[in-house]
Amino acid sequence: MASPSHLDWPFFEDRHRILAVELRQWASQHLKHDDERDLAASCRKLVRQLGDGGWLRYAVGGKSYGGLNEAIDTRSLCLMREGLAQHSGLADFAFAMQGLGSGAVSLFGDEAQKRDYLPRVARGEAVAAFALSETDAGSDAAALQCAARLGGDAYILNGEKTWISNGGVADFYVVFARTGEAPGSKGISVFIVDAGTAGFEIGERNEVMAPHPLARLTFKDCRVPAAQRIGAPGQGFKIAMATLDVFRTSVAAEATGFARCALQHALARATSRKMFNQVLSDFQLTQAKLAEMATGIDAAALLTYRAAWLRDTGHSVTTEAAMAKMTATETAQQVIDDAVQIFGALGVMKGEPVEQLYREIRPLRIYEGATEIQKLVIARGIIKAFQAAEDPGAPG
Ligand SMILES: Cc1cc2nc3c(=O)[nH]c(=O)nc-3n(C[C@H](O)[C@H](O)[C@H](O)COP(=O)(O)OP(=O)(O)OC[C@H]3O[C@@H](n4cnc5c(N)ncnc54)[C@H](O)[C@@H]3O)c2cc1C
């Protein structure tokens, strides 16, 4: 009997298994080589393709607004990202940003905002972006300085955002700005800013090692109607963290997809590369490497789908999502590095799949909360749980 695939794990329902199989078929037919010369055009095309294929319906919540489910189903989101990452990093990026960019609207938007934006996102007609980070506010997002001042029936935005995925490509940006109801994290609100709004401009492109469109955004007396604020004034930081709670787990799935892809390439190479009258996989040092890669991937996938399943079944997953993101991204980095090593010089040749994966994986340990931040989140979670337990039990 064939050994069970991860899709047989009890975290999944049949609808998830069908999704994974259908996505694999669609992706191998539709996702060709990405054009790195015109990233904006490639991204737009991918968003269209994903919309036409019906896949973006997994990225938004609410059946009345184009979503496949009433709430975003985290397991579906993760299977989508794991599957797309195995075919194309840019396709995964295009899918993920539709979800992350519109996530605050799905989770906290009012009826008019949901009706206006989500169906277009789900059809691939509007490209979304999530604008939180600033030059001096990355890990410490609550230090952000971009300001929004209420004047009549509009907010006036002034400031900058940087490293914004889909910067210059998106049709709308979910922008976090300081409204000053209280100091720090309690004085931030969030707004939907349409591309082309007067006073909103795209600054220089941020070139990154894996080809994804990123840019700096500037706001100069940019007038945004008060009706474009998502949620209550001062709730922006909470909204950002709740959105990241969903999408952080999906970054773990993305990393797992990249790692699976690297392992497949490594297996193909190790079992065919002749040396010393054998093939590379005949050597125990190589076998040890392959064993560690495969075990690491399963451990990452187990943590990822545990977090996704817990969220889908109504649990708070801040700690579990952080565990998944930290483990999956760090593991994938090691797995891909091992794959490059197995390929030898070929592994560092530009355009080789493992070389592309090597560039693709690195930023995942930084964005949506760097590994060090995930460790702080996990430690905070377990200490709080220990202190809250009625009888934590004596050690030993
Ligand atoms: C490819 C890519 C895409 C991105 N897309 C977006 C986007 O769409 N929207 C958006 O808003 N942002 C985006 N970002 C920005 C990203 O969220 C930030 O880069 C991230 O939050 C880290 O911030 P930073 O780069 O300023 O690093 P810093 O905050 O300066 O961190 C530097 C290092 O310090 C470590 N560190 C931080 N705090 C501690 C601590 N307490 N103890 C020990 N070490 C610590 C960090 O872990 C990290 O290793 C993107 C970044 C990249 C690379």
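To be clear, the structure that these remarks concern was listed above.
Residues numbered from 1 in each chain as written. Predicted model: local features only at pLDDT ≥ 70, side-chain atom pairs only at ≥ 80, totals over all residues. Heavy atoms only, no water.

Colleague: Looking at this structure, I do not really get the overall build of the protein chain. What am I missing?
Modeller: The secondary structure content of the protein chain amounts to ten helices and ten strands. Expected size for 396 residues packed as a compact globule is a radius of gyration near 21 Å; at 22 Å, the protein chain falls within 12% of this value. Taken along its principal axes, the extent of the C-alpha atoms in the protein chain is 80 × 60 × 40 Å. Here the protein chain, with 396 residues, has 52% of them falling under the buried criterion. (Helix = DSSP H or I, 4+ residues; strand = E, 2+ residues; numbered from the N terminus. Rg over C-alpha atoms; globule rule 2.2 N^0.38 Å. Buried < 20%, exposed > 50% of the residue type's maximum accessible area, 1.4 Å probe, protein only.)

Colleague: What is the right way to look at the environment of M349 in this model?
Modeller: Mapping M349 onto the fold places it in the loop between α8 (318-343) and α9 (353-361). By relative accessible area, M349 is classed as partly exposed at 42%. Through-space distance from the C-alpha of M349 to that of K238 is 44 Å; in sequence the pair is 111 residues apart.

Colleague: So what exactly am I meant to see when it comes to the pattern of salt bridges here?
Modeller: Any two side chains of opposite charge can pair, given that their charged atoms come close. One pass over the structure, following the stated rule, counts 20 salt bridges. In this structure, R15 and D73 form a salt bridge, with 3.4 Å as the shortest nitrogen-oxygen distance. One end of the pair, R15, is in helix α1 (residues 14-30); the other, D73, is in the loop between α2 (39-52) and α3 (74-85), and 58 residues separate them in sequence. Residue classification places R15 among the partly exposed positions, given a relative accessible area of 36%. Of the charged contacts in the structure, one is a salt bridge between R260 and E82, with a shortest N-O distance of 2.4 Å. On the criterion of sequence distance, the pair formed by R260 in helix α6 (residues 236-270) and E82 in helix α3 is long-range, its members being 178 residues apart. In terms of burial, R260 and E82 fall into one category: buried. (Salt bridge = Lys/Arg side-chain N within 4 Å of Asp/Glu carboxyl O.)

Colleague: Would you mind showing me how to read α3 here?
Modeller: Given 3.6 residues per turn, any residue in an α-helix points the same way as the ones three and four places further on. Here α3 contains twelve residues, and its C-alpha end-to-end distance of 16 Å stays within 8% of the 16 Å for a straight helix at 1.5 Å per residue. With twelve of its twelve residues buried, α3 lies for the most part within the structure. Inspection of α3 places T74, R75, S76, L77, C78, L79, M80, R81, E82, G83, L84 and A85 among the buried residues, and these make up the whole buried set. (Expected span 1.5 Å × (residues − 1).)

Colleague: Can you help me understand the site of the ligand in this one?
Modeller: Around the ligand, 17 residues are found, and the nearest of them are F130, S133, S139, W163 and E372. At 2.8 Å, a backbone N or O of F130 approaches a nitrogen atom of the ligand. For the ligand, an oxygen atom lies 2.6 Å from a polar atom in the side chain of S139. About the coverage of the ligand: the protein hides 65% of its 970 Å² of free accessible area. Among the residues making up the shell around the ligand, the classes are represented as twelve nonpolar, four polar and one charged. (Near = heavy atom within 4 Å. Polar contact = N/O pair within 3.5 Å; in protein donor to acceptor, adjacent residues only side chain to side chain. Areas by Shrake-Rupley, 256 points an atom, 1.4 Å probe, with all protein chains shown as cover. Nonpolar A, V, L, I, M, F, W, Y, C, P; charged D, E, K, R; others polar.)

Colleague: What is the right way to look at unusual backbone geometry in this model?
Modeller: For residues other than glycine, phi is negative in most cases, and the peptide bonds are mostly trans. Residue W163 is not a glycine yet carries a positive backbone phi of 55°. For W163, the location among the structural elements is in strand β3 (residues 154-165). Residue classification places W163 among the partly exposed residues on the basis of a relative accessible area of 45%.

Colleague: Would you mind showing me how to read the packing of α8 against helix α10 (residues 371-388) here?
Modeller: To describe two helices that pack against each other, one gives the angle between their axes and the distance between the axes. Across the interface, α8 lies against α10 with an axial gap of 9 Å and an inter-helix angle of 145°. Remark: the crossing between α8 and α10 carries left-handed chirality. When α8 is examined against α10, the residues T318, T319, A322, M323, K325, M326, T329 and E330 are found in contact with a partner set consisting of T371, Q374, K375, V377, I378, G381 and I382. Looking at the contact of α8 with α10, its residues break down into six nonpolar, six polar and three charged. (Axes fitted to C-alpha atoms, helices over the stretch in contact; angles between N-to-C directions. Left-handed = near helix turned anticlockwise from the far one by under 90°. Contact = heavy atoms within 4.5 Å.)

Colleague: For this particular structure, what's the right way to read the pairing of strand β5 (residues 188-194)?
Modeller: Residues in a regular strand point their side chains to alternate faces of the sheet. Burial analysis of β5 places six of its seven residues in the buried class, the great majority of the element. Where strand β4 (residues 172-178) meets β5, seven bridges bridge the pair, whose relative direction is antiparallel. Along β5, the bridge assignment pairs V175 with F191. Inspection of the sheet shows β5 paired to strand β8 (residues 229-230) by two bridges, in the antiparallel sense. Pairing of V190 across the sheet is with I230, part of β8. (Pairing = 2+ DSSP bridges.)

Colleague: Just checking my understanding: could you explain helix α4 (residues 89-108) for this structure?
Modeller: Helix length check: α4 (20 residues) gives 29 Å between terminal C-alpha atoms against 28 Å at 1.5 Å per residue, within 8%. The largest bend in α4 is about 50°, located at S102. By the criterion of burial, α4 is predominantly enclosed, with 18 of the 20 residues buried. (Bend = angle between axes of the 7 residues up to and from the residue.)

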